[in-house]
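Summary of structural features
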Amino acid sequence: MALSRLASSSNGGSNLLKPISAALSLRRPISSDANTLTIETSVPFTAHNCEPPSRAVDTSPSELLSFFRDMALMRRMEIAADSLYKAKLIRGFCHLYDGQEAVAVGMEAGITKRDAIITSYRDHCTFLGRGGTLLEVFAELMGRKDGCAKGKGGSMHFYKKETNFYGGHGIVGAQVPLGCGVAFAQKYSKDESVTFALYGDGAANQGQLFEALNIAALWDLPAILVCENNHYGMGTAEWRAAKSPAYYKRGDYVPGLKVDGMDVLAVKQACRFAKEHALKNGPLILEMDTYRYHGHSMSDPGSTYRTRDEISGVRQERDPIERVRKLLLSHEIATEKELKDTEKEVRKEVDEAIAKAKESPMPPPSDLFSNVYVKGFGVESFGADRKELKATLP
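Residues numbered from 1 in each chain as written. Predicted model: local features only at pLDDT ≥ 70, side-chain atom pairs only at ≥ 80, totals over all residues. Heavy atoms only, no water.

**Describing the overall build of the protein chain**
In terms of helices and strands, the protein chain carries 11 helices and 15 strands. The contacts in the protein chain between residues at least 6 apart in sequence include a share of 72% that link residues at least 24 apart. For the protein chain, the exposed surface amounts to about 18,300 Å²; the carbon and sulfur share of it is 53%. (Helix = DSSP H or I, 4+ residues; strand = E, 2+ residues; numbered from the N terminus. Contact = heavy atoms within 4.5 Å. Areas by Shrake-Rupley, 256 points an atom, 1.4 Å probe, with all protein chains shown as cover.)

**Digging into the packing of aromatic side chains**
A full pass over the atoms with the stated rule returns seven aromatic pairs. On the basis of an interplanar angle of 50 degrees and a centroid distance of 5.6 Å, the ring pair of F184 and W219 is categorised as tilted. Of this pair, F184 sits in helix α5 (residues 175-189) while W219 sits in the loop between α6 (207-218) and β9 (223-229), and the two are 35 residues apart along the sequence. Taking the relative accessible area as the measure of exposure, W219 reaches 43% and is therefore partly exposed. (Phe/Tyr/Trp six-rings, centres within 6.5 Å; stacked < 30°, edge-to-face > 60°. Buried < 20%, exposed > 50% of the residue type's maximum accessible area, 1.4 Å probe, protein only.)

**Some details on the confidence of the model for the protein chain**
Reading fine detail from the predicted coordinates is not recommended where pLDDT is low. Put simply, the protein chain has an average pLDDT of 90, and 89% of its residues get 70 or more. Contacts from residues 1-14, a stretch scored under 50 in pLDDT, to residues over four places away or in other chains number 37 contacts. Within the model, the stretch residues 18-33 combines pLDDT values under 50 with 39 contacts to residues more than four positions away or in other chains. (pLDDT = per-residue confidence, 0-100.)

**Details of α6**
For α6, which comprises 12 residues, the first-to-last C-alpha distance of 17 Å matches the rise-based estimate of 16 Å (1.5 Å per residue) to within 8%. Within α6 the residues assigned to the buried category are L209, A212, L213 and A216. For α6, the angular spread of buried residues about the axis comes to 100 degrees, placing them on one side. For α6, exposure combined with an orientation more than 90 degrees from the buried face picks out E211 and L218. On its buried face, α6 sits against α5, β8 (195-200), β9 and β13 (284-289). (Expected span 1.5 Å × (residues − 1). Arc of directions from axis to C-beta.)

**Focus on a nonpolar patch on the surface**
Nonpolar side chains collect at one region of the surface, where F184, Y188, I215, L218 and W219 lie side by side and expose about 570 Å² of accessible area between them. Structurally, Y188 is set in helix α5. The exposure class of Y188 is exposed, given its relative accessible area of 66%. (Patch = residues over 30% accessible without salt bridge, like charges linked within 9 Å, V, L, I, M, F, W, Y side chains within 5 Å. Salt bridge = Lys/Arg side-chain N within 4 Å of Asp/Glu carboxyl O.)

**Observations concerning unusual backbone geometry**
Phi is positive for K88, which is not a glycine, with a value near 65 degrees. Locating K88 in the fold gives a position in the loop between α1 (61-86) and α2 (101-110). K88 gets classed as exposed once you look at its relative accessible area, which sits at 58%. The backbone of K190 shows a phi angle near 55 degrees, a positive value even though the residue is not glycine. The residue K190 is located in the loop between α5 and β8 in this model.

**A look at the nonpolar core**
Core analysis: the biggest nonpolar cluster contains 70 residues, and M107, F138, F196, V259 and L286 have the highest contact counts within it. Of all the elements, α1 adds the most residues to this core, at 11 residues. Among all residues touching F138, those that are not within four sequence positions of it are M77, A80, A81, L84, V350, A353, I354 and A357. Within the second largest apolar cluster, 18 residues are counted, among which are V176, L221, C227 and I285. (Core = buried A, V, L, I, M, F, W, Y, C linked by side-chain atoms within 4.5 Å.)

**Points about the side chain of T59**
Relative to the helices and strands, T59 resides in strand β5 (residues 56-59). A distance of 2.6 Å separates the side chain of T59 from the side chain of E63, its partner in a polar contact. Residue contacts for T59: discarding those within four places in its chain leaves N35, T36, L37, I39, L64, L265 and K268. (Polar contact = N/O pair within 3.5 Å; in protein donor to acceptor, adjacent residues only side chain to side chain.)

**What about the pattern of salt bridges?**
Tallied over the full model, the rule gives 17 salt bridges. Notably, a salt bridge pairs K86 with D82, separated by 3.0 Å at the nearest N-O pair. With K86 and D82 both in helix α1 and four residues apart, this pair spans about one turn of that helix. What you see here is one network of salt bridges that share partners, running through D260, D289, R318 and R323.

**What about the packing of α1 against helix α8 (residues 264-281)?**
Packing of α1 against α8 leaves a shortest axis separation of 11 Å and a crossing angle of 105 degrees. Taken together, α1 and α8 sit at an angle that is classed as roughly perpendicular. Contact with α1, carried on its side by E63, L64, F67 and M71, involves V264, L265 and K268 of α8 and no other residues of that element. Looking at the contact of α1 with α8, its residues break down into five nonpolar, no polar and two charged. (Axes fitted to C-alpha atoms, helices over the stretch in contact; angles between N-to-C directions. Parallel < 35°, antiparallel > 145°, perpendicular 65-115°, else oblique. Nonpolar A, V, L, I, M, F, W, Y, C, P; charged D, E, K, R; others polar.)

Structure representation (structure tokens):
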């Protein structure tokens, strides 16, 4: 059954506000097969040295409902993290992902948990998409023992080895060569999986990125470099930092694809395409055209280098959750009340997780020494004068 979503072109305006959802025309399915929908992406893919995938994306009512719930959960989680930070229950660095949820959710829809993901410090929602729990998120943010890194990693260092999530990384761009190393291991093991190494437009000029991409191309590694282009590296607009902000072309000899990162179905299609390409031909660059609503981090108000009108304009015209909401309503998959009930459930789920995280104990001081030294070697800890024995580690 074919169900098309017709997209008409936008007349002028900021690039950040294209494609506008108001320009999308939706029509009802004409087939009796209610389990399959084919929806056209908001805008065409733009390709570099490769043939782009089809704009027609297969989905289902249940998948669209899961997209809505997952993105609403991520959005609520990040808004709650903002409140916890302002209440000083979260300290240190904290980078929020609200606005970019379609990248995390769409990517998971196009790949499997056998595939690996490694990202930067804006990692909360990516961790949740990899199967992490809200309790693990909030406990880690608050430095508690039930966190995904036992309270020792904090906001920037989430990790879930069981589902091949190799962490958030605090050093700008450093995760890209690590991701290419994971891809090398995958090729060596011949396990038919790939690695997605995510970075922001602010990291796109890093030398280590190009060094890693070069060797990945030489060895045909199944590495997919994903530039989450939210258009601002900290407080610097992309046009001020990059002579060529067409990041999907930056690989030169490596193919690339530009994707509407606010369209969850486009992200799904692109990631599925990228995986197939990488397994056969080696690395590929995906540029996700997305947007963050918060500032770079909680210390950044996010309004000194861009206007409030710009932010509200993106919310109104390109918000990934609202796009899915409109699809669900136009195809009568859900009612407005049912979607509001889902949002209420999400809010309750987040509140309950926060309450449990607050009850989680702080890690004991002895945990300072865990995962640092190899066990069984009788390592001794002395005072500053090297005379008084403080502790013998296990």
